[in-house]
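Chains, contacts and geometry: an overview
Given next are the chains, with one letter for each unit.
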Amino acid sequence: MSIGTSLASVYDPEKVEGKWYEYWKSQNYFAPSDDFSKKHFSIVMPPPNVTGQLHLGHALDNTLQDILARWRRMQGYNTLWVPGTDHAGIATQARVEENLASEGLKRRDLGREKFLERVWEWKRLYGDRITKQLSLLGSSCDWSRERFTMDEGCSQAVREVFVNLYEKGLIYRGNYIINWCPKCMTAISDIEVEHADSDGHLWHIKYPIEDSDEFLVVATTRPETMLGDTGVAVHPGDERYSHLIGKNVVLPLMGRKIPIFEDHYVDREFGTGAVKVTPAHDPNDFDMGLRHNLEQIVVMTADASMNENAGAYAGLERQECRQQVVKDLEAGGYLVKIEEHQHAVGHCQRCDTIIEPMVSLQWFVKMKPLAEPAIQKVVDGEIRFIPERFTKTYTNWMENIRDWCISRQLWWGHRIPVWYCQDCGEVICSRENPTSCPACSSSELKQDEDVLDTWFSSALWPFSTLGWPNDSADMQHFYPTSVLVTGRDIIFFWVARMIFSGIEQTGKVPFHEVNIHGLILDGQGRKMSKSLGNGIDPIEVIEKYGADTLRFSMITGVTPGNDVRFQWDKVENTRNFSNKVWNASRFVLMNMEEFEPIKVEKDELTLADRWIISRLNLKIKEITDLLERYELGEAARGMYDFIWDEFCDWYIELAKPRLFHPANGREKAVVQTVLLDVLMGILKLLHPFMPFITEEIYQYLPGHNETIMLESWPIMDQSLVEPEAVEQMQAIMGAIRAIRNIRAEFNLSHSAPVKVIMLFKDGHGMKWFEDYGSYIKDLAKVSELQLVLELIEKPRQAVSALLSFAELYVPLEGVIDVDKEIGRLEKELKITGVDIDRAGAKLINEKFLAKAPPDVIEKEKGKIEEAMLRKEGILQRLQILRGE
RNA sequence: GGGUCGUUAACUCAGCGGGAGAGUGCUUCCCUGACACGGAAGAAGUCGUUGGUUCAAAUCCAAUACGACCCA
């Protein structure tokens, strides 16, 4: 019994995948070699958040990286793929707080230290879970180099960068307007705010002019903020208001006198063309306030209720306050009108609470000096976005960037390395924890309570994971990394920040290419989210269908950068493909008995052999080129088509007779060799996409080595590509299809033998079929095949197919319905006519003849010739049938 | 308001200057010694609309409609 027959007829990934992953890991195949003389290929994994488990987006992201890593490794690159996780400050803290809440606890009940212990516990649990999931997916990352954004090395990098930027004056602390989340109780950066259109109102309010009966009407969407108004602005030169410039209004409800001034920011078309200015609670007003030296009056507390500056409204929650203010304005006769108005409202990315813009004391990174070189490197092509269009997304954002608020009023994260002297007020920022004040020697030092934005540490990931700021071997050999693979949703959050951080800290770009992919959507095209409950756990898919299937189904036929809808149908189809690969391999293995490896001579190869070998070599080139261009979707599809259609449906079928009824032992050995070689080539090409099944099959193949992972990536051998073999095979396939078509149309049973006569126009074509007529006999179930150059009498009782190189007849005495056959031919005649007209129109067009490239003209000539021949054949055939 | 992407067969999507493709579904036949998670054959599309460039446009350009997303 051969190996093949002992294999199950249905592939079961569950029995295979875990085993090989353990093997690969134990053999250390994922780690790069110490031989740093080889060209390197390195990727750092976008670190998943330790907030929970991986979703399909991570599965896609890591599949893409694993394909690139496995492929480059096989190509001989010293390949390093660094895995790791992100502490995800605000997100993780929120999850742990939720958890605490279920025990009736708040973080302040525990205190900073105890709380952090809880978070570390959480991190261990979910960090491990993520590691497990990445393993299940087959990720060939080097676990010995696994990192975490808050491990010692990364923390050292964070500290170094902070101090560095601080010393250069690129980090500063100050009172500026920031986005405050009243639920998370922390400042957040501009990009952590999500804007959503909402139906609101536009309140028109009268502001009386000081010492006058006149008044001015302002329009606002947020009347409660008027309590903090410190000015009214109009567009410069707006004649409606020019006489009021320099005067004051008396702020209703508060009685404060505030100035009227001009500013270009004001849109004269919006509302009344006059706006109230609240510098402490609106970013635009903040800027105007700075331009015109206005007072900033914060009227809210950290939980977004009104503070003592709100006078009588102190203590009210901001929504209640709004209602009360409107009511009071109305009572006082200040309310002119209320309009329906749609406007964008900012929400916290994490908890969806409405953001309160607020002036607050925070730490910032000065962005202009960092952004400029970061834009330049991309413009210069030192960093290339794939697809290219994301370059614009990146540069547009970088060009309009504002300073980055990096302090967070959280506990989970890197604590800001700044101390304040309690005695003299000195601010100390240093690499080592200070013990005494350098100014007054006091030991009363207090560290800043805040932590850094979680993206501050992610921004350093490509070099912090390689050992920076130490001059490590990994840093020397693997930095800059080769490519960054990530989703289009974090270009701003992460990619941009890695670029400017890398350039600033290491003097080099962190990577040369950025491969951006889209998002995984649900079957209806919606983003997967917790609230919709439409998320799919990759583990569920892996358990049902296997990791290879999940990987392959997510990327097949997907355009780079485009979103992907997750379809169970497609997963199932891919499962079928896995099974196809399995069974084709099983077939090959089943027929390996008595196989001794032989050296096959070229003239021993049949047409089918030469055809499949040619096709394989062309496929090697095609797949390699596609991978080079990051067209992984097309590459996967190319493998699918080649394996299923060309290898299984044609080559294996043609191999059968030679395996089952060989003329001699040598003939069988030849076909066995070709089958094995082609299968080996297929497995290697497929391995990066489907690592598990390819390893499993590989290990059964005669002559295999340790692992398919260490096999070299195939290279096209031009000497094995024979275009004539491909052409000849195509002609024969065409004839087979024509006969099968006739069988189907005339309901000839599978077992019914048919006779076929082929009439050739010349000996060249006939020769092709003489040598390989057996293909037609075998695959079209033809009992008798006559090849002729002349027919004494063309059979009337026959069905015909007109091929470009021959006329094909299937005599069907008694079976054929002449009228039906005439109808069939007339339809074909019409199609042929269209072909002739189209090609003909081109060929009589002088401009076409003058301007089109010669090969295109030749092609058109060929088409028309071929169609004319077919037409002639059809006409003759019709004559015969009609008995004319 | 600015920007990006999409609009191709019933559905989900490839293709992106020279004869409309795949998978699923549908119709017909077939358990033919790898696979019914299979094989064979077939039906099915004025490639959103309107202009333009070109010998040639699903493919390039410009408008436009609709949908999705991003930024403000």
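Since this is a predicted model, take the numbers as computed values, not measurements.

1. Describing the overall build of chain A
A count of helical and extended segments in chain A gives 27 helices and 29 strands. Its C-alpha radius of gyration of 37 Å places chain A more than 25% over the 29 Å reference for a compact globule of 884 residues. Its C-alpha atoms give chain A principal-axis dimensions of roughly 120 × 65 × 55 Å. When the 884 residues of chain A are sorted by exposure, 55% land in the buried category. Counting only contacts in chain A whose residues sit at least 6 apart along the sequence, the fraction spanning at least 24 positions is 77%. Only carbon and sulfur atoms are counted for the fraction: they give 49% of the accessible area of chain A, which is about 39,100 Å². Averaging the positions of the 101 positive and the 133 negative side-chain charges in chain A gives two centres separated by 3 Å.

2. A look at the side chain of Ser-457
One can find Ser-457 in helix H12 (residues 454-458). For Ser-457, a relative accessible area of 4% translates into the label buried. A polar contact is formed between the side chain of Ser-457 and the backbone oxygen of Thr-454, at a distance of 3.0 Å. In contact with Ser-457, other than residues within four places in its own chain, are His-87, Thr-149, Val-158 and His-414.

3. Some words on the protein's contact with RNA strand B
Taken together, the neighbourhood of RNA strand B is formed by 47 residues, with Glu-634, Arg-637, Trp-644, Lys-851 and Pro-853 sitting nearest. Counting only atoms of RNA strand B within 4 Å of the protein, the sugar-phosphate share comes to 68%. In this structure, a base nitrogen belonging to RNA strand B sits 3.3 Å away from a main-chain N or O atom of Ala-584. Cys-648 is positioned such that a nitrogen or oxygen atom in its backbone is 3.3 Å from a base nitrogen of RNA strand B. Within the residue set of the surface near RNA strand B, elements represented by two or more residues are helix H18 (568-590), helix H20 (632-660), helix H23 (723-745), helix H26 (846-851) and helix H27 (854-881). Considering each element in turn, the surface near RNA strand B owes the most residues, 11 residues, to H18.

4. Notes on the nonpolar core
Residues Phe-647, Tyr-651, Leu-675, Phe-689, Met-758, Ile-776 and Leu-808 are the most contacted members of the largest nonpolar core, which totals 138 residues. Considering each element in turn, this core owes the most residues, 15 residues, to H20. With near-sequence residues (within four places) excluded, Tyr-651 lies in contact with Ala-608, Asp-609, Trp-611, Ile-612, Glu-646, Arg-658, Val-671, Val-674 and Leu-675.

5. Topic: helix H3 (residues 56-74)
Look at H3: 27 Å from first C-alpha to last across 19 residues, which is about the 27 Å you get at 1.5 Å a residue. Most of H3 sits inside the fold, with 18 of its 19 residues counted as buried. Gly-76, located one to two residues past H3, shows a positive phi value of around 100°.

6. Quick look at unusual backbone geometry
In this structure, Pro-387 follows Ile-386 across a cis peptide bond, with omega equal to -5°. Along the polypeptide, Pro-387 turns up in the loop between strand E15 (384-386) and helix H11 (390-399). For the bond from Trp-468 to Pro-469, the omega torsion is 10°, close enough to zero to count as cis. Within the fold, Pro-469 resides in the loop between helix H13 (461-464) and helix H14 (473-478). Of note in the backbone geometry, Asn-28 takes a positive phi value of approximately 65° without being a glycine. Turning to its location among the elements, Asn-28 is positioned in the loop between helix H2 (17-26) and strand E1 (40-44). One non-glycine residue, Asn-747, adopts positive backbone phi at about 50°.

7. Some thoughts on empty space enclosed by the protein
Taken as a whole and judged by the stated rule, the model has 6 cavities of 30 Å³ or more. The space that makes up the largest cavity amounts to roughly 150 Å³. Contributing to the lining of the largest cavity are 17 residues, with Leu-64, His-517, Val-558, Thr-559 and Pro-560 lying nearest its centre. In terms of residue count, the dominant contributor to the lining of the largest cavity is strand E23 (residues 511-517) (3 residues). The class makeup of the residues in the lining of the largest cavity is 10 nonpolar, 7 polar and no charged.

8. Comments concerning the pairing of strand E29 (residues 806-811)
Within E29, 5 of the 6 residues are buried, which leaves the element mostly enclosed by the surrounding structure. Pairing between strand E26 (residues 754-760) and E29: 4 bridges, direction antiparallel. Pairing of Met-758 across the sheet is with Leu-808, part of E29. Joining the antiparallel neighbours strand E28 (residues 798-802) and E29 is a turn of 3 residues.

9. Here we look at the sheet that holds strand E6 (residues 186-188)
The antiparallel open sheet is built from 4 strands, whose spatial order is E6-E5-E14-E16. For this open sheet the edge positions go to E6 and strand E16 (404-405), each flanked by a neighbour on one side alone. In this structure, strand E5 (residues 171-181) lies alongside strand E14 (residues 356-365), joined through 10 bridges in antiparallel fashion. Bridge pairing in E14 links Ile-171 to Val-365.

10. Side note on the sheet that holds strand E18 (residues 418-421)
Strand order across the open sheet formed by 3 strands is E19-E18-E20, with antiparallel pairing between neighbours. Edge positions in the sheet fall to strand E19 (427-429) and strand E20 (445-447), since each of these pairs with one other strand and no more. Neighbour-to-neighbour, the strand axes of the sheet open up by a mean angle of 30°, direction not taken into account. In this structure, E18 lies alongside E20, joined through 3 bridges in antiparallel fashion. Each bridged residue has a counterpart across the sheet, and for Trp-419 the counterpart in E20 is Gln-447. The strands that helix H7 (residues 152-167) touches are E18 and E19; relative to E19, the one it contacts most, it runs at about 130°.

11. Description of the domain arrangement of chain A
Looking at chain A, the domain boundaries give domain 1 (18-158 + 457-545), domain 2 (181-358), domain 3 (566-721) and domain 4 (747-881). Each of domain 2 and domain 4 has a C-alpha centre, and the two are 82 Å apart.

12. Here's the deal with the packing of aromatic side chains
Overall, the coordinates contain 39 aromatic pairs when judged by the stated rule. On the basis of an interplanar angle of 70° and a centroid distance of 6.4 Å, the ring pair of Trp-71 and Trp-713 is categorised as edge-to-face. Placement of Trp-71 in helix H3 and of Trp-713 in the loop between helix H22 (691-698) and H23 is noted, with a sequence separation of 642 residues between them. Arranged with centres 5.1 Å apart and planes meeting at 85°, the rings of Phe-463 and Trp-468 form a pair that is edge-to-face. Across this residue pair, the class does not change: Phe-463 and Trp-468 are buried. Cluster of aromatic residues (ring-pair linked, three or more members): Phe-162, Tyr-166, Trp-363, Trp-404, Phe-456 and Phe-500.

13. Here's the deal with the packing of helix H4 (residues 89-101) against helix H6 (residues 112-137)
Two measures define how a pair of helices packs: the angle their axes make with one another and the distance between the axes. Interaxial distance between H4 and H6 falls to 10 Å at its minimum, and their mutual angle equals 105°. In terms of orientation, H4 and H6 fall into the roughly perpendicular class. Each of Thr-92, Gln-93, Arg-95, Val-96, Glu-97, Asn-99 and Leu-100 in H4 lies in contact with H6, whose residues at this interface are Phe-115, Arg-118, Val-119 and Trp-122. A class-by-class count of the residues in the contact of H4 with H6 yields 5 nonpolar, 3 polar and 3 charged.

14. Here we look at the pattern of salt bridges
Counting across every chain of the model gives 52 salt bridges. Where Glu-382 meets Lys-377, a salt bridge forms, and the shortest distance between an N and an O atom there is 3.3 Å. Taking the relative accessible area as the measure of exposure, Lys-377 reaches 23% and is therefore partly exposed. Residue Lys-619 is joined to Glu-622 by a salt bridge in which the shortest nitrogen-to-oxygen separation is 3.2 Å.

15. Structural notes on the pairing of E28
With 5 of 5 residues buried, E28 is to be regarded as a mostly interior element. The alternating pattern of E28 places Ala-798, Ser-800 and Leu-802 and Val-799 and Ala-801 on opposite faces, both of which are buried.

16. Focus on the packing of H18 against H22
Following both chains from N to C, one finds H18 and H22 inclined at 10°, their axes separated by 11 Å at the closest point. By the angle between their directions, the pair H18 and H22 is classed as roughly parallel. Between H18, through Ser-578, Val-581, Trp-582 and Ser-585, and H22, the contact on the second element is made entirely by Ile-693, Glu-696 and Ile-697. For the contact of H18 with H22, the class distribution of residues is 4 nonpolar, 2 polar and 1 charged.

Reading the values: the criteria
- Residues numbered from 1 in each chain as written.
- Chains lettered and ligands numbered in written order.
- Predicted model: local features only at pLDDT ≥ 70, side-chain atom pairs only at ≥ 80, totals over all residues.
- Heavy atoms only, no water.
- Helix = DSSP H or I, 4+ residues; strand = E, 2+ residues; numbered from the N terminus.
- Rg over C-alpha atoms; globule rule 2.2 N^0.38 Å.
- Buried < 20%, exposed > 50% of the residue type's maximum accessible area, 1.4 Å probe, protein only.
- Contact = heavy atoms within 4.5 Å.
- Areas by Shrake-Rupley, 256 points an atom, 1.4 Å probe, with all protein chains shown as cover.
- Lys, Arg positive; Asp, Glu negative; His and termini not counted.
- Charge placed at Lys NZ, Arg CZ, Asp CG, Glu CD.
- Polar contact = N/O pair within 3.5 Å; in protein donor to acceptor, adjacent residues only side chain to side chain.
- Near = heavy atom within 4 Å.
- Core = buried A, V, L, I, M, F, W, Y, C linked by side-chain atoms within 4.5 Å.
- Expected span 1.5 Å × (residues − 1).
- 1 Å grid on protein atoms, 1.4 Å probe; cavity = no way out; pocket = protein on both sides within 12 Å on 5 of 7 lines; lining within 4 Å.
- Points joined across faces, edges and corners; volume = space filled by probe spheres on them.
- Nonpolar A, V, L, I, M, F, W, Y, C, P; charged D, E, K, R; others polar.
- Pairing = 2+ DSSP bridges.
- Axes fitted to C-alpha atoms, helices over the stretch in contact; angles between N-to-C directions.
- Domains from an automatic or database assignment.
- Phe/Tyr/Trp six-rings, centres within 6.5 Å; stacked < 30°, edge-to-face > 60°.
- Parallel < 35°, antiparallel > 145°, perpendicular 65-115°, else oblique.
- Salt bridge = Lys/Arg side-chain N within 4 Å of Asp/Glu carboxyl O.

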